[in-house]
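# Working through the structure, step by step
Now for the letters of each chain:
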Amino acid sequence: MSYFKDSEVWFVTGAQLLYGGDAVVQVDGHSNEIVKGLNNSGKLPVKVVYKGTANSTQEVSAVFRAANNDEKCIGVITWMHTFSPAKMWIHGLKDYKKPLLHLHTQFNKEIPFSEIDMDFMNLNQSAHGDREFGHIVSRMRKNCKVVVGHWSDPNVQARIAVWMRVSAAWADSQELRIIRFGDQMNNVAVTDGDKVEAELTLGYHVDYFPIGDLVVYQDKVTDADIDELVAIYENEYTFADDCKKGSPYYNQVREAAREEIAIRQFLIDKKAKAFTTNFDALHGLNQLPGLASQRLMAEGYGFGAEGDWKTAALYRAFWVMGQGLLGGCSFLEDYTYHFDGEKSAILQAHMLEVCPLIAAKKPRIEVHPLGIGGKADPARLVFTSHPGDGVAATIVDMGNRFRMIVNKVEVLSQNKPMPKLPVASALWIPKPNLEIGAAAWILAGGTHHTAFSYDLTNEYLEDFADIAGIELVTIDENTTISGFKKELQYNDVYYLLNRALKS
Ligand code: MN
């Protein structure tokens, strides 16, 4: 969870002075206790900081301005303890730029039926106070996650935790630099898109660097640096016999290590947290940097193959959201089908670049020829993935908007050995089944590349799409093709009108 430790989420309680200063003092005490309870729950990855009650337009504006400007603050949770007239939230909300969560809770858990009187009611009136606040958020068309339930409920805390993880990924995205070594793979449409609009909408910045700039770094790597990294490989992975020291492919593993050191240093120097490669742009490199991409992904660097900067950014977001969770995430590509009725599945893989965080067992270093790219035989980690549920997602550029497509998937245990397959893989059934899942994905214009995670659920991606203000379509056990087609048509109209209203 170390990635989250420098961040804060602010907790702001809405009240007013109608009931007198004493009531506000009590509200303050209750808020403090709620925030303490949330922080002590052990369920939240990010610290909640109580910022006091807001009782006027000026106080609301001041706290949201401060939240916008505070580097640690990644989001604000609001709660209306008493009735907080919502016109006083207009200016603050209009200026506020970060993620917003409306916690619809109440300090008191159960109604004390034999004791309840009007004083009790006036101190526990979130049920209508939060509705007044909700109205203005909705009236202003501001996206906001609404979480309902008692603050001590683990399910409520789990939903806040999801939003915190997403908010951290969003904050990361706002300062994310993505480096592309080479351009898109020629002629490929779905991985390309409007990089200016991406920076406006999603926050990240995409830069091109010629491969020659990386070659300069590569040439500075010493034998001692390579010895050190190969020793780490020997510790972490099983080596194929022909890759071991003294064997024909050992030098190719060393060349892969050289590329890994060069790319990592390049990214550090450029303050970049994501990168793309292209097998067609490797002049001056020994091999396609497959092993390097796999290991850098595991460290958290976003990666997309063939210039796919959108998936590189999304993988980075997945990795940030999943920090401290154990399932793992990867860049993947729909590769080969297994048609078998209701158990029809897709073998996910890539030319080389699959993240070892999803491996079922200790990965194996192997070197094999690679037909395309015209370079020497590249090293790679080979493994299959552990079984479990997960989500695969992509973001595509629809011309007038970005669309996020999410598919729930079930990764199967790969109990049939594939001794001749020289790459890492995962075998999954898309929900609700291959027939509907793949058809819906294709109708939505989804990529062949995805970011995949065992740790995330639809809720994470819904929060992410809401914060970004982009379209979201989800394919899961409830999807039907006729319903999904209508959703795409309705969305087309919605985004057309939305754009017209803004211009
Ligand atoms: Mn690909």
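Per chain, residues are indexed from 1 in the order of the written sequence. Under the rules for a predicted model, residues below a pLDDT of 70 receive no local features and side-chain atom pairs below 80 are neither given nor counted, while totals for whole chains, interfaces and linings still include all residues. Processing note: side-chain calculations cover all non-hydrogen atoms of the structure and skip hydrogens and water entirely.

### A word on the sheet that holds strand β13 (residues 364-367)
Following DSSP output, two strands are said to pair if at least two bridges run between them. Secondary structure is summarised from DSSP: a helix means a run of H or I of at least four residues, a strand means a run of E of at least two, and numbering begins at the N terminus for each. Pairing within the open sheet is mixed, and its three strands lie in the order β8-β13-β14. Across the chains shown, the open sheet's two edge strands, defined by having one partner strand only, are β8 (238-239) and β14 (379-382). As judged from the four bridges shared by β13 and β14, these two strands associate in the antiparallel manner. By the bridge assignment, Arg 364 is partnered in β14 with Val 382.

### Quick word on the pairing of strand β1 (residues 8-14)
In terms of burial, β1 is a largely internal element, seven of the seven residues being buried. Burial along β1 is two-sided: the face carrying Glu 8, Trp 10, Val 12 and Gly 14 and the face carrying Val 9, Phe 11 and Thr 13 are both buried. By the bridge criterion, seven bridges tie β1 to strand β3 (residues 73-80) in an arrangement that is parallel. Of the residues in β3, the one forming a bridge with Phe 11 is Ile 77. Both β1 and strand β2 (residues 47-54) contribute to a ladder of six bridges, which runs parallel. Bridging across to β2, Phe 11 finds its partner in Tyr 50. As for the winding sense of the linkage, the β-α-β connection from β1 through helix α1 (residues 21-40) to β2 is right-handed. Only protein chains enter the area calculation, which uses a 1.4 Å probe; residues under 20% of their type maximum are buried, those over 50% are exposed, and those in between are partly exposed. Orient the strands so they point away from the viewer; a crossover is then right-handed if the path from the first strand over the helix to the second runs clockwise.

### Structural notes on the coordination of the manganese ion
Binding of the manganese ion to the protein goes through Glu 306 (OE), Glu 333 (OE), His 350 (NE2) and His 449 (NE2), at separations of 2.2 Å. Donor residues for the manganese ion, ordered by position in the chain, follow E-x26-E-x16-H-x98-H. In this pair, Glu 306 is assigned in the loop between β10 (302-304) and α12 (309-321) and Glu 333 in strand β11 (residues 329-338), connecting sequence segments 27 residues apart. Across this residue pair, the class does not change: Glu 306 and Glu 333 are buried. Each metal site lists N, O and S donors within 2.8 Å (3.2 Å for Na, K and Ca). With water left out of the atoms, a site can look as if it is missing ligands.

### Section: the side chain of Ser 293
In this structure, Ser 293 sits in helix α11 (residues 290-299). Those residues within four positions of Ser 293 in sequence are excluded, and the remaining contacts are Phe 275, Thr 277, Phe 303 and Glu 353. Two residues form a contact once any of their heavy atoms are found within 4.5 Å.

### Focus on the domain arrangement of the protein chain
Residue ranges assigned to the domains are those given by an automatic or database domain assignment. Looking at the protein chain, the domain boundaries give domain 1 (2-173) and domain 2 (177-502). One C-alpha centre belongs to domain 1, the other to domain 2; they are set 37 Å apart. Contact residues are listed per partner, giving 16 residues for domain 1 and 19 residues for domain 2. Both sides together, the interface formed by domain 1 and domain 2 hides about 1,600 Å², and carbon and sulfur atoms give 63% of it. The largest contributions to the domain 1 side of the interface with domain 2 come from Arg 165, Val 166 and Trp 170, which together make up 37% of the buried area. Any carboxyl oxygen of Asp or Glu that lies within 4 Å of a side-chain nitrogen of Lys or Arg is treated as forming a salt bridge with it. Summed over the shared surface of domain 1 and domain 2, the result is four salt bridges. In this structure, Lys 145 engages Glu 459 in a salt bridge whose closest nitrogen and oxygen atoms are separated by 2.5 Å. Any N or O atom pair separated by 3.5 Å or less is treated as a polar contact, with the protein-specific requirement of one donor-capable and one acceptor-capable atom, and with residues adjacent in sequence counted only for side-chain atom pairs. Between the two partners, domain 1 and domain 2, sit nine residue pairs in polar contact (both at pLDDT 80 or more). Two parts lose some accessible area (1.4 Å probe) when they are put together, and adding that loss for both gives the buried area.

### A short note on the sheet that holds β1
Spatial strand order, β2-β1-β3-β4-β5: five strands in an open sheet with parallel pairing. Single-partner strands in this sheet number two, and they are β2 and β5 (145-148). For this sheet, the mean angle separating the axes of adjacent strands, direction not counted, is 25 degrees. Sheet topology places strand β4 (residues 100-104) next to β5; four bridges connect them, and they run parallel. By the bridge assignment for β5, His 102 is matched with Val 146. Helix axes use the C-alpha atoms of the stretch in contact, all axes being lines fitted to C-alpha atoms, and the angles between their N-to-C directions lie in the range 0 to 180 degrees. The sheet strands contacting α1 are β1, β2 and β3, and the helix crosses β2 at an angle near 170 degrees.

### Looking at the packing of aromatic side chains
Whether two aromatic rings pair depends on their centres lying within 6.5 Å, for rings of Phe, Tyr and Trp, where Trp uses its six-membered ring; planes under 30 degrees apart make the pair stacked, over 60 edge-to-face, and the rest tilted. Tallying each qualifying case throughout the model produces 19 aromatic pairs. Aromatic pair Phe 64 and Trp 89: ring centres 6.0 Å apart, planes at 70 degrees, arrangement edge-to-face. Within this pair, whereas Phe 64 is found in helix α2 (residues 57-69), its partner Trp 89 is found in the loop between β3 and α3 (90-95), the two being separated by 25 residues in sequence. Taking 5.0 Å as the distance between ring centres and 35 degrees as the angle between the ring planes, the aromatic pair formed by Trp 428 and Phe 452 counts as tilted.

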